[in-house]
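Okay, here's what each chain looks like letter by letter:
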Amino acid sequence: MRKFAWAARGVAAVSGAMLLGALAAPSAVADGPEAKGAPASADSRKCQTDRDVSSAVVDYDGSALFETVFRAATDRQGHAFLNDSRNPGVWINLGLLDGAPRCTRDTALSVTEENPGHLFITLLGSNGKLYQARCVTSNAAPFTHATLPAACAPGFTTLAGTPV
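Since we're looking at a predicted model, the values are computed, not measured.

Caption draft 1: A look at the state of the cysteines. Within this structure, the stated rule accounts for two disulfides. Two residues, Cys 135 and Cys 152, share a disulfide whose sulfurs are 1.9 Å apart. On the S-S bond that ties Cys 135 to Cys 152, the torsion sits near 105 degrees, and the link is right-handed. Residue Cys 135 is located in strand β7 (residues 130-137), and its partner Cys 152 is located in the loop between α4 (148-151) and β8 (157-158); the two are separated by 17 residues in the primary sequence. Each member of the pair Cys 135 and Cys 152 is classed as buried. Each bonded cysteine in the protein chain gets a number by its place in the sequence, and the pairs come out as 1-2, 3-4.

What follows is the structure, encoded as structure tokens:
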């Protein structure tokens, strides 16, 4: 019976210490470096997410011959990528656009059908904020690593009033 009493006291002490540590953690640590704008170090920032994918289709001239599919995807490390079906197999890291979140949880795409039109890329950051980039599209040339920053200038901006 003594062995069980000793074990129960030990579990209670460890549980109390863990709870105290969780409650005493500063909010900057709880929210992560991205939420407070602090620089992230390799040790302090462990972004892990589920994989996500979204897509949007634009038909520039009303025929299936000129359909373009834009796809956005995330990996388990929180990086977001864009694919333009006119450039098969090429995935562009959206982190090269100014203002992109360091850790992306989810993606959404929408596109207008004018020529030129606009592709709206929306990313959900790990801090709960939405980031959106507006990119100029056309049926002339696909997005590449070299052309995406200019097409999406000035980059991502935080959407005001995002529920956190």
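Caption draft 2: Highlighting the pattern of salt bridges. In this structure the tally under the stated criterion is one salt bridge. Of the charged contacts in the structure, one is a salt bridge between Arg 86 and Asp 84, with a shortest N-O distance of 2.7 Å. Residue classification places Arg 86 among the partly exposed residues on the basis of a relative accessible area of 24%. Residue class for Asp 84 comes out buried when judged on its relative accessible area of 2%.

Caption draft 3: Focus on the nonpolar core. Membership of the largest hydrophobic core comes to 23 residues, with the highest contact counts inside it found for Phe 70, Leu 82, Leu 94, Leu 119, Ile 121 and Phe 143. Those residues in contact with Leu 119 that sit more than four places away from it in its chain are Phe 70, Leu 82, Leu 109, Ser 110, Val 111, Ala 133, Arg 134, Cys 135, Thr 137 and Phe 143.

Cut-offs applied
For every chain, the first residue of the written sequence is number 1, and numbering continues from 1 along that sequence. Two thresholds apply to this predicted model, a pLDDT of at least 70 for residue-level local features and 80 or more for giving and counting side-chain atom pairs, whereas whole-chain, interface and lining totals are computed over all residues. No hydrogens and no water enter the side-chain calculation; it runs on all heavy atoms of the structure. We call a pair of cysteine sulfur atoms a disulfide whenever their separation is within 2.5 Å. The helix count covers DSSP runs of H or I at least four residues long, the strand count covers runs of E at least two residues long, and both are numbered beginning at the N terminus. Summary of the burial criterion: residues with accessible area below 20% of their type's maximum are buried, those above 50% are exposed, and those between are partly exposed, where the area comes from a 1.4 Å probe applied to protein chains only. By definition, a salt bridge exists where a carboxyl oxygen of Asp or Glu is found within 4 Å of a side-chain nitrogen of Lys or Arg. Among buried residues, the Ala, Val, Leu, Ile, Met, Phe, Trp, Tyr and Cys ones that are joined through side-chain atoms within 4.5 Å form a nonpolar core. Residue contacts follow a heavy-atom distance rule, with two residues in contact if any of their heavy atoms lie within 4.5 Å.

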